[in-house]
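# Survey of secondary and tertiary structure
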Amino acid sequence: DSNKILALPPSATGLRGIISSQTLATCRDLRVKKGVKLVLVTGARTSTLLNRLPYLPKADAYCTEAGGRIFYPTNIDYSDLTYTPLEYSGAIADDLKPFGLREDRTWRERMELGGAGTEGYAGNEVSSNRCDESDDVEECLIDYESTEGFPFVEDEVPITQRQGNLWDYANQLVEKEGFVLDSKSYSTAFRVNKKHQTNHKFDALLSGDIAHPEAIGKSTNLGCIDFYPASSGKGNCCRYIANELGFNLATESVCICDDDNDIEMALACSHSYIPSLSSESMVDTLRKNQSKFTQTFGPDISSTAATEVALNLIYSMTERA
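Residues numbered from 1 in each chain as written. Predicted model: local features only at pLDDT ≥ 70, side-chain atom pairs only at ≥ 80, totals over all residues. Heavy atoms only, no water.

## Description of unusual backbone geometry
- In this structure, Glu65 is a non-glycine residue whose phi angle is positive, near 55 degrees.
- With respect to the helices and strands, Glu65 occurs in the loop between strand E4 (61–64) and strand E5 (69–74).
- We classify Glu65 as buried; its relative accessible area is 0%.
- A positive phi angle, close to 60 degrees, is found at His200, a residue other than glycine.
- Here His200 shows up in the loop between strand E7 (190–193) and helix H5 (202–207).
- Judged by relative accessible area, His200 falls into the exposed class, the value being 80%. (Helix = DSSP H or I, 4+ residues; strand = E, 2+ residues; numbered from the N terminus. Buried < 20%, exposed > 50% of the residue type's maximum accessible area, 1.4 Å probe, protein only.)

## As for the sheet that holds strand E12 (residues 293–295)
- Spatial strand order, E10-E11-E12: three strands in an open sheet with parallel pairing. The open sheet has two free edges, formed respectively by strand E10 (254–256) and E12, since each of these has just one partner strand. Across the sheet, the axes of successive neighbouring strands diverge by a mean angle of 20 degrees, strand direction being ignored.
- Bridge count for strand E11 (residues 271–274) against E12 is three bridges, and the pairing is parallel. (Pairing = 2+ DSSP bridges. Axes fitted to C-alpha atoms, helices over the stretch in contact; angles between N-to-C directions.)

## Section: helix H1 (residues 21–32)
- The terminal C-alpha atoms of H1 lie 16 Å apart, and with 12 residues this matches the ideal 16 Å at 1.5 Å per residue to within 8%.
- With respect to burial, H1 is a largely interior element, nine of its 12 residues being buried.
- Turning to H1, its buried residues number three or more, namely Ser21, Thr23, Leu24, Ala25, Thr26, Cys27, Arg28, Asp29 and Leu30.
- In this structure, the buried residues of H1 make contact with strand E1 (5–7), strand E2 (18–20) and helix H10 (303–320). (Expected span 1.5 Å × (residues − 1). Contact = heavy atoms within 4.5 Å.)

## Comments concerning the sheet that holds E7
- The strand order E7-E9-E8 describes an open sheet built from three strands, whose pairing is antiparallel. Taken across any chain shown, the strands that pair with only one partner, and hence form the sheet edges, are E7 and strand E8 (216–221). Between one strand axis and the next, the sheet turns by 25 degrees as a mean value, whatever way the strands run.
- In the sheet, E8 pairs with strand E9 (residues 224–229) via six bridges, with the strands oriented antiparallel. Looking at E9, one finds that Asn221 is bridged to Cys224.

## Quick notes on the packing of aromatic side chains
- One pass over the full model with this rule turns up seven aromatic pairs.
- Taking 6.1 Å as the distance between ring centres and 40 degrees as the angle between the ring planes, the aromatic pair formed by Trp167 and Phe190 counts as tilted. Separated by 23 residues along the polypeptide, Trp167 in helix H4 (residues 165–175) and Phe190 in strand E7 bring together distant segments of the chain.
- Residue Trp167 is classed as buried on the basis of its relative accessible area, which comes to 0%.
- Ring centres 5.3 Å apart and planes at 25 degrees place the aromatic pair Phe190 and Phe227 in the stacked group. With a gap of 37 residues between them, Phe190 in strand E7 and Phe227 in strand E9 connect regions that are remote in the sequence.
- Through a chain of ring-to-ring contacts, three or more aromatic side chains come together here, namely Trp167, Tyr169, Phe190 and Phe227.
- The lysine or arginine in question, Arg108, covers the ring of Tyr121, its NZ or CZ lying 3.6 Å from the ring centre. (Phe/Tyr/Trp six-rings, centres within 6.5 Å; stacked < 30°, edge-to-face > 60°. Lys NZ or Arg CZ within 6 Å of the ring centre and 35° of its normal.)

## Section: the side chain of Asp182
- Of note, Asp182 is situated in the loop between H4 and E7.
- In this structure the side chain of Asp182 is engaged in a polar contact, spanning 2.7 Å, whose partner is the side chain of Arg45.
- A polar atom in the side chain of Asp182 sits 3.3 Å from the backbone nitrogen of Lys184.
- Those residues in contact with Asp182, other than ones at most four positions away along the chain, are Thr13, Arg45, Phe190 and Arg191. (Polar contact = N/O pair within 3.5 Å; in protein donor to acceptor, adjacent residues only side chain to side chain.)

## Some words on the side chain of Thr220
- For Thr220, the location among the structural elements is in strand E8.
- Since its relative accessible area comes to 17%, Thr220 is described here as buried.
- Among residues more than four places away in sequence, those in contact with Thr220 are Leu206, Ile225, Asp259, Asp260 and Asn261.

## Overview of the packing of helix H3 (residues 105–116) against H4
- Between H3 and H4, whose axes approach to 6 Å, the crossing angle comes to 40 degrees. Of the possible angle classes, the one that applies to H3 and H4 is oblique. Each of Gly114, Gly115 and Ala116 in H3 lies in contact with H4, whose residues at this interface are Asn165, Leu166 and Trp167.
- For the contact of H3 with H4, the class distribution of residues is three nonpolar, three polar and no charged. (Parallel < 35°, antiparallel > 145°, perpendicular 65-115°, else oblique. Nonpolar A, V, L, I, M, F, W, Y, C, P; charged D, E, K, R; others polar.)

See the structure below:
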C-alpha cells in the first residue's frame, strides 16, 4: 500500500498524532495545482508544532497556541532555523526542500497588547525574523546585525514574573483557587489540565462558575481548558490571515476541524468538514448548523481516511470552481 501512515512526534504531554502520505500529497496538490492557500491552525504549544513540522503538509501559514502566534514559511537564507520535510510516498523534489519560519510581527504585537505581554516569548523564540527582500524593516523582530549566534538560549519566564492581564488571571487561579497550570512553551496562552488538579474545581472553571475576565478568551481542547487574550482564538486568527492572504474567510474559505476550540473558526468559514467529533460542544454546534458542516467519518471511515475524504471533497470543489 503506497498510502503509508506516519506517526508524528509526541506532544509535550505525550500525545501522538498520525498523518497519511495521501493527506500530504493532496494538500500539496491543492496548493501547487489549484492555488489554494493552506493554513495549519493548532491549539498546541509552539514547540510541538516545530517538532512536528517536518511531518506536516507545507503550508502558507502556521498558527499555534489556539491562534496566538502566526508564522510564515521563508527562504532558508533569511531564517536562523531550518526545517526539512520528511520524505513520504508520492513526494516530489519541491516537497522536500528545507524552509525557515518568520513570525508575524503585527499579530504578535496585537497579542502583547491584548494581555499576553512580552515576557512569555523568552525561551520560545522561533527565529530572529531577519527581513527578507519582501519585508519592511519594521517587520523584523530582532535587528539583523544582532542575530549572530541565534537562537539565543534563554530561560522561560515564570508566570509570576509575566506582565499582562492574561498572566494576572493565571496567577489568580493559582493563588486564590489552587489550580495547577501548564504554561511551558506557551507565550500567549496557558492550559488547565483536569488530570493535574487536586482542588476539585475543574468543572466549576469549565462551566464558568469560576469566571474569567471579558478580556480573556477560553476554549477546551483534548479535555483541557485553554485561556488566551480575547483578541486571539482560532476564529480571530483565521480572519486576520485570510485578510493578509487576500481572501474573504466567510465566502472563500473552508476548514477541517473536530474540537471545541475549532467552533469559532468553523462558523467563520463558508463550510467545514468534520473527520471526527472530539467534544459535546462540537456535536451540539453541528446539530444546530447542519448546513455549515459535512461529516466525513462513518462506520467504515475514520482517522486518516476521514481526513482524506474531507480533502478530496475540497479538491473536487476546486475542480468545479
